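Coordinate analysis (summary)
One-letter residues, chain by chain:
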Amino acid sequence: MFSLTNYRLLIIIAVTILLKSNTLPISTSVSIQEDDLFASVAVLPLTLKGNLKALFNDRSEEPGNYSCTLSYNETSIPVQVKTRGHFRRLSGNCTYPPLLIQFDKKGVHLNTIFKEQKKLKLVMPCRGDEYVIREWLVYKIYNLLTPYSFKARLVNIKLEEDGNKKTNPAFYGILLEEESQMARRTEMISLEKKIQPQQTQAESFLTMAVFEYLIANTDWSTQYLQNIKLLAKDSSAVPIAVPYDFDHAGIVNAPYALPTEELQLQSLRERRYRGYCIKDIKQFEPVIAKFNQLKTEIYSLYTGCTLLDAKYIKNTTQFLDEFYTVINNPKLWQKEFAYPCNKNGTGNVIIKGLKTE
């Protein structure tokens, strides 16, 4: 397995090459050891065909599997697909529910770009695929920070209903690495237990928590595994917290997203550090150094992406500027990151998850 230094170097080289070619930002999870699905720089065109009306209408707590065909270029693969998720699965919230694609156990897909996958999450647009692109870039930021992160591939999806010759316009989505695949890639195991944030690896948690602060995302907790997965070397090792599901982040600014009422935030774009109380504030210094080291690459993900409109790029660079102003002013970042120590604040409110009723 590559060292973190080599991992970052590959990302930086890839981003530099891509910006010079004036094309899309590269998947920041580049590694010669990885399969083609997440190593490629290109947007992947996909066609999903089947009884999609029944599939999309099945948003129950225990949705069924639907036989579909997944195609790219000249290759077609039989798959089983079902709806998943919580907030985005509800028809009152989103036009399309997120999907789980499961590949045939007989190995029909072994000669395709999906050869390393058993199943994949497919993030569908909730209300406009521009927000999908924005969320994809958030995954790219975290890929820059650590290999213990979910890989994401931007795709252009075309839907074909069985027995209907009508052509539907394609839209953007995200293929998201499945948890067990991430664990295998990083030579870890996944854990399913609710723990206190203090029980996770300290520096990795601080990196994750400052990253959530950067993107203005408060919709997470380790105590309830709310948009958090845990990785560890073995069942007795101290776990690493891995974040996912960023559509409620201020940097995405989706029209359906609102800050949790209990946090008493004025807007989705207001940042709130939601780590745990740390008396030795110097523990943040190597984390801040890491974000400063990657500043150019983080900005380049946005300024180099041709799928974003100019207004969003401008607003996002200003949003990033505000973050870097804070972390490069000791008085400001010490105040922000010490917020969980304030017993009268909301820094210790635990997010239990969105209600589904």
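Attention in this report is confined to the structure presented alongside it. Nothing here was measured: the structure is a model prediction, and the numbers come from that model.

**With respect to the sheet that holds strand β7 (residues 171–176)**
In spatial order, the strands read β1-β2-β3-β4-β5-β7-β6; together these seven strands close into a barrel with mixed pairing. Between one strand axis and the next, the sheet turns by 40° as a mean value, whatever way the strands run.

**Observations regarding the pairing of strand β1 (residues 44–50)**
With respect to burial, β1 is a largely interior element, five of its seven residues being buried. Where β1 and strand β6 (residues 152–161) come together, seven bridges link them in parallel fashion. When the sheet's bridge partners are listed, Thr47 is paired in β6 with Lys158. The pairing of β1 with strand β2 (residues 66–72) spans four bridges and is antiparallel. Counterpart to Gly50 in the pairing with β2 is Cys68.

**Notes on the pattern of salt bridges**
Per the stated rule, a full pass over the model turns up 10 salt bridges. Among the ionic pairs, Arg185 bridges to Glu177, the shortest N-O distance being 2.9 Å. Between Arg272 and Glu270 there is a salt bridge, with the nearest N and O atoms lying 4.0 Å from each other. With relative accessibility at 27%, the residue Glu270 sits in the partly exposed group.

**Comments concerning empty space enclosed by the protein**
For the structure on display, the rule yields two cavities of 30 Å³ or more. Volume-wise, the second largest cavity comes out at about 50 Å³. In terms of residue class, the lining of the second largest cavity is made up of seven nonpolar, one polar and four charged.

**Here's the deal with the layout of surface pockets**
Empty space among the atoms becomes apparent when a probe as large as a water molecule is rolled across them. The space that makes up the largest pocket amounts to roughly 890 Å³. In this structure, the largest pocket is lined by 36 residues; those nearest its centre are Arg84, Gly85, His86, Lys121 and Tyr244. Counting residues per element, the lining of the largest pocket draws most heavily on strand β5 (residues 119–123), which supplies three residues. Across the lining of the largest pocket, the residue classes tally to 12 nonpolar, eight polar and 16 charged.

**Looking at the nonpolar core**
The biggest cluster of nonpolar side chains holds 78 residues, and the ones touching the most others in it are Phe211, Ile251, Phe284, Phe291, Tyr302 and Phe337. For this core, the element with the highest residue contribution is helix α4 (residues 130–145), accounting for 11 residues. Other than its neighbours up to four places away in sequence, Phe337 contacts Val210, Tyr213, Tyr273, Phe284, Ile288 and Ile327.

**Looking at the side chain of Lys229**
Along the chain, Lys229 turns up in strand β9 (residues 228–232). A distance of 3.4 Å separates a polar atom in the side chain of Lys229 from a polar atom in the side chain of Glu179.

**Considerations on the environment of Ile77**
Locating Ile77 in the fold gives a position in strand β3 (residues 75–83). As for Ile77 and Val108, which are separated by 31 residues in sequence, their C-alpha atoms are 7.0 Å apart. When residues no more than four places from it in sequence are discounted, the contact partners of Ile77 are Cys68, Thr69, Leu70, Tyr72, Phe103, His109, Thr112 and Phe114.

**Observations concerning the side chain of Thr47**
Looking at where Thr47 falls in the secondary structure, it is placed in strand β1. For Thr47, the contacting residues outside a window of four places in its chain are Thr69, Leu70, Ser71, Lys158 and Glu160.

**Quick notes on the packing of aromatic side chains**
One pass over the structure, following the stated rule, counts 22 aromatic pairs. Relative to Trp333, the ring of Phe284 has its centre 6.3 Å away and its plane inclined at 55°; by these criteria the two rings are tilted. Separated by 49 residues along the polypeptide, Phe284 in the loop between β10 (240–243) and α7 (285–293) and Trp333 in helix α10 (residues 330–337) bring together distant segments of the chain. Pair check on accessibility: Phe284 and Trp333 agree, each one buried. With a centroid separation of 5.9 Å and an interplanar angle of 40°, the aromatic rings of Tyr299 and Tyr324 are classed as tilted. Here the residue Tyr299 occupies a position in helix α8 (residues 295–303), and Tyr324 occupies one in helix α9 (residues 310–327), the gap between them amounting to 25 residues. Over the ring of Tyr244 we find Lys121; its NZ or CZ atom is 4.9 Å from the centre of that ring. It is Arg269 that lies over the ring of Phe319; its NZ or CZ is 4.1 Å from the centre.

Parameters at a glance
Throughout, residues of each chain are indexed from 1 in the direction in which the sequence is written. The model is predicted, so local features are restricted to residues of pLDDT at least 70 and side-chain atom pairs to those at 80 or more, both for listing and for counting; the totals for chains, interfaces and linings are taken over all residues. Computation of side-chain values: all heavy atoms of the structure, hydrogens and water removed. Pairing between two strands is assigned when DSSP locates at least 2 bridges connecting them. Each helix is a run of DSSP H or I of at least 4 residues and each strand a run of E of at least 2, with the numbering of both proceeding from the N terminus. Angles here are taken between N-to-C directions and fall from 0 to 180 degrees, while the axes themselves are lines fitted to C-alpha atoms, restricted in helices to the stretch in contact. In this scheme, a residue with accessible area under 20% of its type's maximum is buried, one over 50% is exposed, and one in between is partly exposed, where area comes from a 1.4 Å probe on protein chains only. Here a salt bridge means any side-chain nitrogen of Lys or Arg lying within 4 Å of a carboxyl oxygen belonging to Asp or Glu. Definitions used throughout: a 1 Å grid over protein atoms alone; a cavity as a set of points that fits a 1.4 Å probe which cannot get out; a pocket as an open set with protein on both sides within 12 Å along at least five of seven lines; a lining residue as one with an atom within 4 Å of a point. Grid points are joined across faces, edges and corners, and a volume is the space filled by probe spheres set on the points. Note that Gly is not counted as nonpolar here; it falls among the polar residues with everything else outside the nonpolar set of Ala, Val, Leu, Ile, Met, Phe, Trp, Tyr, Cys and Pro and the charged set of Asp, Glu, Lys and Arg. Residues belong to a common nonpolar core when they are buried Ala, Val, Leu, Ile, Met, Phe, Trp, Tyr or Cys residues joined through side-chain atoms within 4.5 Å. Any two residues having at least one pair of non-hydrogen atoms within 4.5 Å are treated as being in contact. In protein, a polar contact requires one atom able to donate a hydrogen and another able to accept it; more generally it is a pair of N or O atoms within 3.5 Å, and residues adjacent in sequence count only if both atoms are side-chain atoms. Each pair of aromatic rings taken from Phe, Tyr and Trp, with Trp reduced to its six-membered ring, is defined by centres within 6.5 Å and is described as stacked if the planes are under 30 degrees apart, edge-to-face if over 60, and tilted in the remaining cases. Placement of a charge over a ring requires the Lys NZ or Arg CZ to be within 6 Å of the ring centre, with the centre-to-atom vector within 35 degrees of the ring normal.

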